[in-house]
Amino acid sequence: MRTEEAIIYSYGFATIASAIPAYSKRGDLVFVDESACFAIQKGLQASRSNLKYFKHNDMADLERLLKEQEAEDQKNPRKARVTRRFIIVEGLYMNTGNICPLPELLKLKYKYKVRIFLEESLSFGVLGEHGQGVTEHFGINIDDIDLISANMENSLASVGGFCCGRSFVIDHQRLSGQGYCFSASLPPMLASAAIEALNIMEENPDIFSVLREKCQRIHNMLQGISGMKVVGESFSPAFHLQLEKSTGSRESDVKLLQAIIDYCTDRQIALTQARYLDKDEKFLPPPSIRVVVSVEQTEEELDKAAALIKEAAQHNLH
């Protein structure tokens, strides 16, 4: 990642959930995307900070909140001086498959003097020429981001997670990151598996362009399914299939999608519904089928999967 230092956590979920409350405390201010994943939500809850949610990837809405806060700060400059401000976003959003508009976020960071935390669990090992994530994808200097975190349970096929950034930022977590202080270290076998995955990424940078081509291929093939819509970027290896029109009941929508999944599973194609803790999510996403693409899948397998998903949708929705 070409940062000064990194810290390893033994549990992926705990990485960002521990990093947020290590820096943001009671009285601090956090601007967060409505589609933030559950691990971010738990970290925010533990921080007890004041939260302001902006609409998903809506920079105009974020700037509106920042302007409102700027006006508020002018009324009480003494309090404003001791209040830390953070923007927390994901590189590729787990709940939507969309990429964050990082160049616009950086403009707002410097304009309103806030810190940016970037959660890259889905974008690390996927985006950029060398898989370094959304900063490499946009050609942005990694030092412009205050903290980057990612789990090692997606592209590295191991367990745990890491945070990286400047030395003085990362050092703070060694005593303040709850998931680091109150946990055992990563088992050597899993650490070795993550190292080997990193070696493969460094030795074979072509795999990232191959993965993007495969993502684009299945994304294109799934367009135009009657009654369903594809949600997410064409280069995202995890995206969602949602019902074009809800039945009006979340329970009925879930059953319909499950029927499509069962149809595919019976024919040797594994799909899954995106799972949420309905009562605990701040903004509950609509029911969806999560489609995940890997670089090891062949074009024939992708073609077969796309054809079967279309067939399953046709069979269950009409």
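As shown above, the structure is provided for reference.
Residues numbered from 1 in each chain as written. Predicted model: local features only at pLDDT ≥ 70, side-chain atom pairs only at ≥ 80, totals over all residues. Heavy atoms only, no water.

### Details of unusual backbone geometry
- In this structure, Arg 2 takes a positive phi of about 60° despite not being glycine.
- Position of Arg 2 relative to the elements: it lies in the segment before β1 (5–9).
- Overall, Arg 2 belongs to the exposed group, its relative accessible area being 67%.
- Of note, the phi angle at Arg 48 is positive, near 60°, even though the residue is not glycine. (Helix = DSSP H or I, 4+ residues; strand = E, 2+ residues; numbered from the N terminus. Buried < 20%, exposed > 50% of the residue type's maximum accessible area, 1.4 Å probe, protein only.)

### With respect to the pairing of strand β2 (residues 29–33)
- When you tally the buried positions in β2, you get five out of five residues, the bulk of the element.
- Residues Leu 29, Phe 31 and Asp 33 line one face of β2 and the alternating positions Val 30 and Val 32 line the opposite face, and both faces are buried.
- In this sheet, strand β3 (residues 50–54) lies alongside β2 in parallel orientation, the contact comprising five bridges. Looking at β3, one finds that Val 32 is bridged to Tyr 53.
- For the handedness criterion, the β-α-β arrangement of β2, helix α2 (residues 38–47) and β3 is classed as right-handed. (Pairing = 2+ DSSP bridges. Right-handed = clockwise from strand over helix to strand, strands pointing away.)

### Details of the sheet that holds strand β7 (residues 161–165)
- Strand order across the open sheet formed by seven strands is β1-β7-β6-β5-β4-β2-β3, with mixed pairing between neighbours. Where the open sheet ends on each side, the last strands, each with one partner, are β1 and β3. Within the sheet, the average angular offset between the axes of one strand and its neighbour, ignoring direction, is 20°.
- Its contacts with the sheet put helix α5 (residues 102–112) on β4 (85–90) and β5 (115–119), and the angle it makes with β5 is roughly 155°.
- Sheet contacts for helix α7 (residues 167–176): β1, β6 (147–151) and β7; angle to β1, the most-contacted strand, approximately 25°. (Axes fitted to C-alpha atoms, helices over the stretch in contact; angles between N-to-C directions. Contact = heavy atoms within 4.5 Å.)

### Structural notes on the sheet that holds strand β8 (residues 228–231)
- If you walk across this open sheet you meet the four strands as β8-β9-β11-β10, and the pairing is antiparallel. Each end of this open sheet is capped by a strand with a single partner; those strands are β8 and β10 (272–273).
- Pairing geometry for strand β9 (residues 238–243) and strand β11 (residues 289–292), over four bridges, is antiparallel. Bridged to Leu 241 within β11 is Ile 289.

### Observations concerning the packing of aromatic side chains
- Evaluated as defined, the whole model comprises seven aromatic pairs.
- Ring geometry for Tyr 9 versus Tyr 180: centroids 6.0 Å apart, planes at 70°, classification edge-to-face. Here Tyr 180 lies in helix α8 (residues 178–181) and Tyr 9 lies in strand β1, a separation of 171 residues in the sequence.
- Among the aromatic residues, ring-to-ring pairing joins Tyr 11, Phe 13 and Phe 38 into one connected group. (Phe/Tyr/Trp six-rings, centres within 6.5 Å; stacked < 30°, edge-to-face > 60°.)

### Some thoughts on the pattern of salt bridges
- Counted according to the given criterion, the structure contains 14 salt bridges.
- Across the pair Asp 171 and Arg 174 runs a salt bridge whose closest N-O atoms are separated by 3.2 Å. Linking Asp 171 with Arg 174, this pair stays in helix α7, spanning three residues, or about one helical turn. (Salt bridge = Lys/Arg side-chain N within 4 Å of Asp/Glu carboxyl O.)

### Things to note about helix α1 (residues 12–23)
- With respect to burial, α1 is a largely interior element, eleven of its twelve residues being buried.
- For α1, the full list of buried residues reads Gly 12, Ala 14, Thr 15, Ile 16, Ala 17, Ser 18, Ala 19, Ile 20, Pro 21, Ala 22 and Tyr 23.

### Focus: the nonpolar core
- Counting residues in each nonpolar core, the largest one holds 69 residues, and the members touching the most others are Leu 62, Leu 105, Leu 222 and Ile 289.
- Considering each element in turn, this core owes the most residues, seven residues, to helix α12 (residues 299–317).
- When neighbours within four sequence positions are excluded, Leu 105 is seen to be in contact with Met 59, Leu 62, Ile 87, Val 89, Cys 100 and Ile 116.
- Listed in part, the 22 residues of the second largest apolar core include Ile 20, Leu 44, Phe 117 and Leu 147. (Core = buried A, V, L, I, M, F, W, Y, C linked by side-chain atoms within 4.5 Å.)

### With respect to the environment of Ala 313
- Within the fold, Ala 313 resides in helix α12.
- Not counting residues within four places of it along the chain, the set of residues in contact with Ala 313 comprises Ile 225, Met 228, Ile 260 and His 318.

### Section: the side chain of Gln 173
- Relative to the elements of secondary structure, Gln 173 occurs in helix α7.
- Setting aside residues up to four positions removed in sequence, Gln 173 forms contacts with Ile 7, Tyr 9, Ala 19, Ala 22, Tyr 23, Leu 147, Cys 163, Tyr 180 and Cys 181.

### Things to note about helix α9 (residues 188–203)
- The terminal C-alpha atoms of α9 lie 22 Å apart, and with 16 residues this matches the ideal 22 Å at 1.5 Å per residue to within 8%.
- Of the positions making up α9, those classed as buried are Ala 194, Ala 197 and Met 201. Seen end-on, α9 carries its buried residues on one side only, within an arc spanning 60°. Turned more than 90 degrees away from the buried face of α9, the exposed residues are Pro 188, Met 189, Ile 195, Glu 202 and Glu 203.
- The secondary structure elements touched by the buried residues of α9 are α10 (206–221). (Expected span 1.5 Å × (residues − 1). Arc of directions from axis to C-beta.)

### Focus: the environment of Gly 161
- Inspection of the secondary structure assignment puts Gly 161 in strand β7.
- Using a relative accessible area of 0% as the deciding quantity, one classes Gly 161 as buried.
- In this structure the C-alpha to C-alpha distance between Gly 161 and Ala 14, which are 147 residues apart in sequence, comes to 8.0 Å.
- With residues up to four places along the chain from it excluded, the contact list for Gly 161 reads Ile 7, Ile 8, Tyr 9, Tyr 11, Gly 12, Thr 15, Ala 150, Asn 151 and Met 152.

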